[in-house]
Amino acid sequence: QKEVEQNSGPLSVPEGAIASLNCTYSDRVSQSFFWYRQYSGKSPELIMSIYSNGDKEDGRFTAQLNKASQYVSLLIRDSQPSDSATYLCAVNRSGGSNYKLTFGKGTLLTVNP
Amino acid sequence: DGGITQSPKYLFRKEGQNVTLSCEQNLNHDAMYWYRQDPGQGLRLIYYSQIVNDFQKGDIAEGYSVSREKKESFPLTVTSAQKNPTAFYLCASFDGTPGNTIYFGEGSWLTVV
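Model, not experiment: these values are computed from the prediction.

Rules used throughout
Residues numbered from 1 in each chain as written. Chains lettered and ligands numbered in written order. Predicted model: local features only at pLDDT ≥ 70, side-chain atom pairs only at ≥ 80, totals over all residues. Heavy atoms only, no water. Helix = DSSP H or I, 4+ residues; strand = E, 2+ residues; numbered from the N terminus. Rg over C-alpha atoms; globule rule 2.2 N^0.38 Å. Buried < 20%, exposed > 50% of the residue type's maximum accessible area, 1.4 Å probe, protein only. Areas by Shrake-Rupley, 256 points an atom, 1.4 Å probe, with all protein chains shown as cover. Lys, Arg positive; Asp, Glu negative; His and termini not counted. Charge placed at Lys NZ, Arg CZ, Asp CG, Glu CD. Phe/Tyr/Trp six-rings, centres within 6.5 Å; stacked < 30°, edge-to-face > 60°. Contact = heavy atoms within 4.5 Å. Buried area = accessible area lost by both parts, 1.4 Å probe. Salt bridge = Lys/Arg side-chain N within 4 Å of Asp/Glu carboxyl O. Polar contact = N/O pair within 3.5 Å; in protein donor to acceptor, adjacent residues only side chain to side chain. Patch = residues over 30% accessible without salt bridge, like charges linked within 9 Å, V, L, I, M, F, W, Y side chains within 5 Å. Pairing = 2+ DSSP bridges. Axes fitted to C-alpha atoms, helices over the stretch in contact; angles between N-to-C directions. Disulfide = S-S within 2.5 Å.

A.B. asks: Quick one: what's the story with the overall build of chain B, residue by residue and with numbers?
C.D. replies: On a plain count of helices and strands, chain B comes out with zero helices and 11 strands. The linear arrangement of helices and strands in chain B, starting from the amino end, is β-β-β-β-β-β-β-β-β-β-β. Taken against the 2.2 N^0.38 rule, which gives 13 Å for 113 residues, the C-alpha radius of gyration of chain B at 13 Å falls within 12% of a compact globule. Taken along its principal axes, the extent of the C-alpha atoms in chain B is 40 × 25 × 25 Å. The buried share among the 113 residues of chain B stands at 49%. Looking at chain B as shown, the accessible area adds up to about 5500 Å², and 48% of this sits on carbon and sulfur atoms. With 10 positive and 12 negative side-chain charges, chain B shows a spacing of 8 Å between the two charge centroids.

A.B. asks: With reference to specific residues and values, describe the packing of aromatic side chains.
C.D. replies: A full pass over the atoms with the stated rule returns 11 aromatic pairs over all chains. Their ring planes at 55 degrees and their centres at 5.6 Å tell us that A:Tyr36 and A:Phe103 sit as a pair that is tilted. With A:Tyr36 in strand β4 (residues 32-38) and A:Phe103 in strand β10 (residues 101-103), this residue pair connects regions lying 67 residues apart in the sequence. Given a relative accessible area of 8%, A:Phe103 falls into the buried group. Note on B:Tyr64 and B:Tyr89: the rings are 5.9 Å apart at their centroids and 65 degrees apart in plane angle, and the pair reads as edge-to-face.

A.B. asks: So what about the interface of chain B and chain A? Which residues, and what values?
C.D. replies: Taken together, the contact between chain B and chain A spans 23 residues of the former and 18 residues of the latter. When the buried surface of chain B facing chain A is broken down by residue, B:Leu43, B:Thr101 and B:Phe104 rank first, second and third, together holding 25% of it. Connecting chain B to chain A are zero salt bridges. Linking chain B to chain A there are five residue pairs in polar contact (both at pLDDT 80 or more). Mapped by element, the contributors of at least two residues to the side of chain B that touches chain A are β4 (31-37), β5 (43-51), β9 (87-94) and β10 (103-104) of chain B. With four residues, the top contributor of residues to the side of chain B that touches chain A is β5(B).

A.B. asks: Tell me what's going on with a nonpolar patch on the surface, and back it up with residues and numbers.
C.D. replies: On the surface, B:Tyr10, B:Phe12, B:Trp109 and B:Val113 cluster together to form a nonpolar patch covering roughly 460 Å² of accessible area. By the secondary structure assignment, B:Val113 is in the segment after β11 (108-112).

A.B. asks: Explain the sheet that holds strand β1 (residues 4-7) of chain B to me, and be specific about the residues and the numbers.
C.D. replies: All names here are of chain B. Pairing in this open sheet of four strands is antiparallel, and the strands run β1-β3-β8-β7 from one edge to the other. Since the sheet does not close on itself, it has two edges, and those belong to β1 and β7 (64-66), each with one partner. When the angles between neighbouring strand axes are averaged without regard to direction, this sheet yields 20 degrees. Where strand β3 (residues 19-25) meets strand β8 (residues 76-78), three bridges bridge the pair, whose relative direction is antiparallel. Looking at β8, one finds that threonine 20 is bridged to threonine 77.

A.B. asks: Could you give me a rundown of the state of the cysteines, with the residues and numbers involved?
C.D. replies: All names here are of chain B. Applying the stated criterion to the full structure yields two disulfides over all chains. The disulfide partner of cysteine 23 is cysteine 91, and the S-S distance across this bridge is 1.9 Å. As the torsion about the S-S bond is roughly -75 degrees, the cysteine 23-cysteine 91 disulfide counts as left-handed. One end of the pair, cysteine 23, is in strand β3; the other, cysteine 91, is in strand β9, with 68 residues separating them in the sequence. Residue class for cysteine 23 comes out buried when judged on its relative accessible area of 0%.

A.B. asks: So, the sheet that holds strand β3 (residues 19-25) of chain A: which residues are in play, and what are the values?
C.D. replies: Residues and elements named next belong to chain A. Read from one edge to the other, the open sheet built from five strands follows the order β1-β3-β8-β7-β6, with strand pairing classed as antiparallel. Two strands close off the open sheet at either side, each with one partner strand: β1 (4-6) and β6 (54-58). Strand-to-strand twist in this sheet, taken as the mean axis angle between neighbours without regard to direction, amounts to 20 degrees. In terms of strand pairing, β6 meets strand β7 (residues 61-66) through five bridges, oriented antiparallel. For aspartate 55, the partnering residue across the bridge sits in β7 and is glutamine 64.

A.B. asks: Account for unusual backbone geometry, naming residues and giving values.
C.D. replies: The omega torsion of the bond from B:Ser7 to B:Pro8 falls at -10 degrees, within 30 degrees of zero and hence cis. Among the structural elements, B:Pro8 can be located in the loop between β1 and β2 (10-13). Unlike most non-glycine residues, A:Asp78 shows phi in positive territory, near 45 degrees. Counting through the fold element by element, A:Asp78 comes out in the loop between β8 (71-76) and β9 (85-92). Classification of A:Asp78 as partly exposed rests on a relative accessible area of 40%. Phi at B:Asn28 is positive, roughly 65 degrees, even though this residue is not glycine.

What follows is the structure in structure tokens.
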């Protein structure tokens, strides 16, 4: 089983719709979870982080974490064409000072005008 | 401005040559990382360094080497032993604060000609 898995997509939604992106992870000791957005040819940029079970909202973005199911998701409300990008799920599997992130392969999202 | 600077942005390598990618940060971060990204793929960890004069192999270290002689600098050498080096290379750093995460430079494109 891969450490961090995402639906590869592509995921296509109409403008104004809700986009739902999913991610599962294999290591139960994982402590923190992140969603990065990456436009084609650019470096990833952080959009959301979540550490505790439940929902975390930031503007049009909501991250959801369920540690029992080893599942983290990202909802994008009122999707805009500018949201079209690859979304990368990342998991911090290490505690203490040995900090490193493991990434999924990403989900390509296309928002159609 | 504080940030992570990678150079060059584009680099062409002949087969059998070693090349070095530069990564400099003025954020006073202790930890630095090198990731590789292939088209349509996620990020894979090559090497990381938690502190000056110390570094550790990531998941795909073969054919690469690094040094960490200064806190600000973490250069990556792609050696001739790396048989398929064409990829997008991303350098990142982390300030070590719980709840924070890594931030990326703008990346370097390496192509073998």
